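Given next are the chains, with one letter for each unit.
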Amino acid sequence: MEKIKTTNNISTRNIVIMSMFAAVLCISAYISIPLPNGTHITALTLIITIIIFTFPVRQSFIIILVWLLLGIAGVPVFVGGIAGLGYITGPYGGYSIGFLVISALVPVLCTNRHNRLYLMVIAILSAVLDDLIGTFWIMAVSKVPLKAAFITGFAPFIVLDIVKALLAIQLVPQLRNIINSLEQ
């Protein structure tokens, strides 16, 4: 799987493509299934995984940062149509911070990697890392024990997040081909 070609400057075409992915990311928060405990299962993790495996580190980080800043500024792009700094500083904001962390780490680990099995393992680890960041954030913000945070913030999500990560890895090569064809 070939990474999108990059230079030090981001072309206008890449900015447009990145903007489209930021828009898809915003919409993905609305594709959700509410759970009885007040949390949601969303398409966010699927789209985040697609972004971090499709774009180079700088571009994936910018896409997710734009989404995060839009939400902090008051645009309702977070899960459930929520917006504002209160969401990020609240119990579930850790997942969004985790998205930013994995957007900086994963593309660096996947530079010039063509082994799909390797990429699948990295995708699974990125899902686990984000869910762990979210779980520890819940523990810290809500001042609950690790077991309660694990039951609330990790257990309900991890299996489906891994499935979405593996699905994303299957879609990435085709998306890269489409994006590369747009750049020509």
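Residues numbered from 1 in each chain as written. Predicted model: local features only at pLDDT ≥ 70, side-chain atom pairs only at ≥ 80, totals over all residues. Heavy atoms only, no water.

**Looking at unusual backbone geometry**
No. 1: Its identity as a non-glycine residue notwithstanding, Lys143 has a phi of 55°, on the positive side.
No. 2: Take Lys143: it is sitting in the loop between helix H6 (116-142) and helix H7 (146-153).
No. 3: We classify Lys143 as exposed; its relative accessible area is 73%. (Helix = DSSP H or I, 4+ residues; strand = E, 2+ residues; numbered from the N terminus. Buried < 20%, exposed > 50% of the residue type's maximum accessible area, 1.4 Å probe, protein only.)

**Details of the pattern of salt bridges**
No. 1: In total, this model carries 1 salt bridge according to the counting rule given.
No. 2: Across the pair Asp161 and Lys164 runs a salt bridge whose closest N-O atoms are separated by 3.4 Å. Here the residue Asp161 and the residue Lys164 both occupy positions in helix H8 (residues 158-182), the gap between them amounting to 3 residues, near one helical turn.
No. 3: For Lys164, a relative accessible area of 11% corresponds to the buried category. (Salt bridge = Lys/Arg side-chain N within 4 Å of Asp/Glu carboxyl O.)

**Digging into the packing of H6 against H8**
Helix packing for two helices is described by the angle between their axes and how far apart those axes are.
No. 1: Running from N to C, H6 and H8 cross one another at 140°; their axes reach a closest spacing of 9 Å. Regarding the angle of H6 to H8, the classification is oblique. When the axes of H6 and H8 are compared, the crossing they make is right-handed. Contacts between H6 and H8 involve Arg116, Leu119, Met120, Ala123, Ile124, Ala127, Val128 and Asp131 from the former and Ile158, Asp161, Ile162, Ala165, Leu166, Ile169, Gln170 and Pro173 from the latter.
No. 2: Broken down by class, the residue content of the contact of H6 with H8 amounts to 12 nonpolar, 1 polar and 3 charged. (Axes fitted to C-alpha atoms, helices over the stretch in contact; angles between N-to-C directions. Parallel < 35°, antiparallel > 145°, perpendicular 65-115°, else oblique. Left-handed = near helix turned anticlockwise from the far one by under 90°. Contact = heavy atoms within 4.5 Å. Nonpolar A, V, L, I, M, F, W, Y, C, P; charged D, E, K, R; others polar.)

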